[in-house]
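Spelled out, the chains give:
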Amino acid sequence: MKKITKKIIWLALLLFIAGIYYYVALPPVNIHAAGFWMALGLLIAFLTIIHAVTQLRKRSNDNIVPIQTKEKMLKEMKGVKLGAGLFILVLLVFAAGNLLSSPIINADKYQKLLDVKESDFTEDIQQTNYNTIPLLDKDSAELLGNRKMGSMVDMVSQFEVGSDYTQINYKDTPVRVTPLVYANEIKWLTNQKAGIPAYIRIDMATQNTECVKLDKTIKYSKAEYFNRNIYRHLRFHYPTYIFDDQIFFEIDDEGTPYWVCPVKKFNIGLFGGQTVGSVVLCNAVTGECTDYPVDQVPTWIDKVYSAELLTELYNYYGIYKHGFFNSILGQKDCLKATNGYNYIALDDDVWVYTGVTSVSGDQSNVGFVLMNQRTMETKYYKIEGAIEDSAMSSAEGQVQNLGYRATFPLLLNISDQPTYFMALKDGAGLVKKYAMVNVQKYQWVAIGDTVKECEKAYVTLLTTNGISEVKDSNNIYETVSGKIAAIAPVVVEGNTHYYVALENTDLMFDVDLSDEKLIGIIRYQAGDTIQITYAAEESGLQTVTEIR
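An account of the accompanying structure is given in this report. Note that this is a predicted model, so its numbers are computed, not measured. (Residues numbered from 1 in each chain as written. Predicted model: local features only at pLDDT ≥ 70, side-chain atom pairs only at ≥ 80, totals over all residues. Heavy atoms only, no water.)

### Notes on the overall build of the chain
Right, on to step 1. A tally of helices and strands in the chain yields 12 helices and 27 strands.
Right, on to step 2. Here the chain has a C-alpha radius of gyration of 32 Å; the compact-globule value for 548 residues is 24 Å, and the former is much larger.
Right, on to step 3. Counting only C-alpha atoms and orienting by the principal axes, one finds that the chain spans roughly 125 × 60 × 45 Å.
Right, on to step 4. Each of the 548 residues in the chain was classed as buried or not, and the buried ones make up 48%.
Right, on to step 5. Considering only contacts in the chain between residues 6 or more positions apart, those separated by 24 or more positions represent 52%.
Right, on to step 6. A total of about 27800 Å² of accessible surface is found on the chain, and carbon and sulfur atoms cover 55% of it.
Right, on to step 7. Taking the 51 positively charged and 62 negatively charged side chains of the chain as two groups, their mean positions are separated by 17 Å. (Helix = DSSP H or I, 4+ residues; strand = E, 2+ residues; numbered from the N terminus. Rg over C-alpha atoms; globule rule 2.2 N^0.38 Å. Buried < 20%, exposed > 50% of the residue type's maximum accessible area, 1.4 Å probe, protein only. Contact = heavy atoms within 4.5 Å. Areas by Shrake-Rupley, 256 points an atom, 1.4 Å probe, with all protein chains shown as cover. Lys, Arg positive; Asp, Glu negative; His and termini not counted. Charge placed at Lys NZ, Arg CZ, Asp CG, Glu CD.)

Shown next as structure tokens:
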């Protein structure tokens, strides 16, 4: 009876320790997870050690004579040997699984994980509308989010802004969204019953920042500590799922907050060829979870594949074209993504942009790729030009006296020319200017205090360098002739402009004298006949690009 009681106590202790480990580490019960094999190895090691200690104590308590038969000693050590053997077997399976899943053996399978299609730049990427592209990067968004939080006097003492800042398309507008989090453990203790009351939404085109207060608060998030912690909540609902390291905070078209949780799929052996097999959508307010196959996720979801995963998959595609050893030795036709990426909104989806360069580390791109974060669709554009780092350095060189630093560029279509667009920030992280750099001629750099000024300077630069039929990306150029009804000089932000009205139209025209080809306007007066080419705006002043 005493022995049975001891066994029950040991079993209860073992289950308690295993339960604590599971609750804290949250390993998936899945042979494709490294955490599963680690937990199994630890369990076997723990049981083996307990068995060994028990045998030693039994020998001591029974006052066994030191001189024993060989058979009796072997019998006592049988359990220890079995445990040690199982532990070694787990290590061998884990090591063999890694080896058999590696690119060394499966380079061809890794290379085929991503389907890349060559496409045409000017057909796929239309002339840019600046209302639909993100003019800020994540760092700038964080500054805006923290500034907005500082103005929320009713919440700033209890909450902080989370670090997610997921970029999504919200009602055809590029925005970043991030939830609030508890300021510290004490603030969690006093506020967790009520939940998190709001999230931050930042329009990346206009810089408009909102703290969206919720009627029903966020109860499931990364900031929770126990069962409402989103990772623990997911594990208890899906014990066998291997969730991606990155889960994404998003909002639907009604502004309801969700967690988008990709589930890993391993296509090569035990641990290799990771993609996404399904997506669990968790309502951040109610905790309700819905499991979708990866090809059936709702279209409002923008992030299923992380930018890092897509970049890794493209590197497999580019490096292993002729096998593993060629990627190390000869490196024939080996290509890789450049050392950064950005996002582009196309067809209400978010696409990851990155350049493609050779593995030799030269300073030029052979093309670039766009990778859809919802569907994994990948398009390759064969356009040779400067690597992004070179374009950034070129832009910084134009303002080197000011010490501004360039953000990683976006790729835009300006007058059918692939163009790097980037913000120039000061030491405090504030955007001071904008730059456009031609991808193929990275010495062609235009700088402007506003996006409009930057584009105008860039279009002028293209014209100067013989690019015909230059078109404005936001406006349609129109031409009008007539007698000048009124003309007057004005000063706008330190620059002289002429405002011109014609007799035969109600439009008012703006002639900026900082553009040298327009300086001839000073020779005209009321009653003179003039021909004006301008960028048509729906309202307000019409920007003049040419006068005759």
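### Structural notes on the sheet that holds strand E8 (residues 257-268)
Right, on to step 1. Strand order across the open sheet formed by 4 strands is E7-E8-E9-E10, with antiparallel pairing between neighbours. Since the sheet does not close on itself, it has two edges, and those belong to strand E7 (248-251) and strand E10 (289-293), each with one partner. Geometrically, the sheet is characterised by an average inter-axis angle of 35 degrees between neighbouring strands, direction not taken into account.
Right, on to step 2. The pairing of strand E9 (residues 272-283) with E10 spans 5 bridges and is classified as antiparallel. Bridging from a neighbouring strand, Leu281 pairs with Thr290 of E10. (Pairing = 2+ DSSP bridges. Axes fitted to C-alpha atoms, helices over the stretch in contact; angles between N-to-C directions.)

### Topic: the pattern of salt bridges
Right, on to step 1. This structure, assessed with the given rule, holds 12 salt bridges.
Right, on to step 2. For Asp124, the salt bridge identified is with Lys379, shortest N-O distance 3.6 Å. Here the residue Asp124 occupies a position in helix H5 (residues 121-124), and Lys379 occupies one in strand E16 (residues 378-381), the gap between them amounting to 255 residues.
Right, on to step 3. Between Arg228 and Glu224 there is a salt bridge whose closest N-O contact spans 3.1 Å. Summarising the burial analysis for this pair, Arg228 and Glu224 share the class buried. (Salt bridge = Lys/Arg side-chain N within 4 Å of Asp/Glu carboxyl O.)

### Let's talk about the environment of Pro239
Right, on to step 1. Its place among the elements puts Pro239 in the loop between helix H8 (230-237) and E7.
Right, on to step 2. Among the residues examined, Pro239 registers a relative accessible area of 33% and is labelled partly exposed.
Right, on to step 3. Distance in space between the C-alpha atoms of Pro239 and Ser514 is 65 Å, their sequence separation being 275 residues.
Right, on to step 4. Setting aside residues up to four positions removed in sequence, Pro239 forms contacts with Tyr22, Pro28 and Val29.

### A few points about the environment of Glu250
Right, on to step 1. With respect to the helices and strands, Glu250 occurs in strand E7.
Right, on to step 2. Sequence spacing of Glu250 and Met77 is 173 residues, and the spatial spacing of their C-alpha atoms is 57 Å.
Right, on to step 3. Here the side chain of Glu250 touches Asp302 through a polar contact of 3.1 Å, landing on its backbone nitrogen.
Right, on to step 4. Side-chain polar atoms of Glu250 contact the backbone nitrogen of Lys303, separated by 2.8 Å. (Polar contact = N/O pair within 3.5 Å; in protein donor to acceptor, adjacent residues only side chain to side chain.)

### Regarding a negative patch on the surface
Right, on to step 1. A contiguous patch of negative charge on the surface is contributed by Asp172, Asp253, Glu254, Asp347, Asp348 and Glu377.
Right, on to step 2. Structurally, Asp348 can be placed in the loop between strand E12 (342-346) and strand E13 (349-358). (Patch = residues over 30% accessible without salt bridge, like charges linked within 9 Å, V, L, I, M, F, W, Y side chains within 5 Å.)

### Here we look at the packing of aromatic side chains
Right, on to step 1. Counting across every chain of the model gives 26 aromatic pairs.
Right, on to step 2. Ring geometry for Phe324 versus Phe325: centroids 5.4 Å apart, planes at 85 degrees, classification edge-to-face.
Right, on to step 3. Residue Phe324 is classed as buried on the basis of its relative accessible area, which comes to 18%.
Right, on to step 4. Given the relative accessible area of 55%, Phe325 is considered exposed.
Right, on to step 5. Each member of the aromatic cluster is reached from another via a ring pair, and the members are Tyr110, Tyr316, Tyr320, Phe324 and Phe325.
Right, on to step 6. Taking NZ or CZ as reference, Arg232 lies 4.3 Å from the ring centre of Tyr23, over its face. (Phe/Tyr/Trp six-rings, centres within 6.5 Å; stacked < 30°, edge-to-face > 60°. Lys NZ or Arg CZ within 6 Å of the ring centre and 35° of its normal.)

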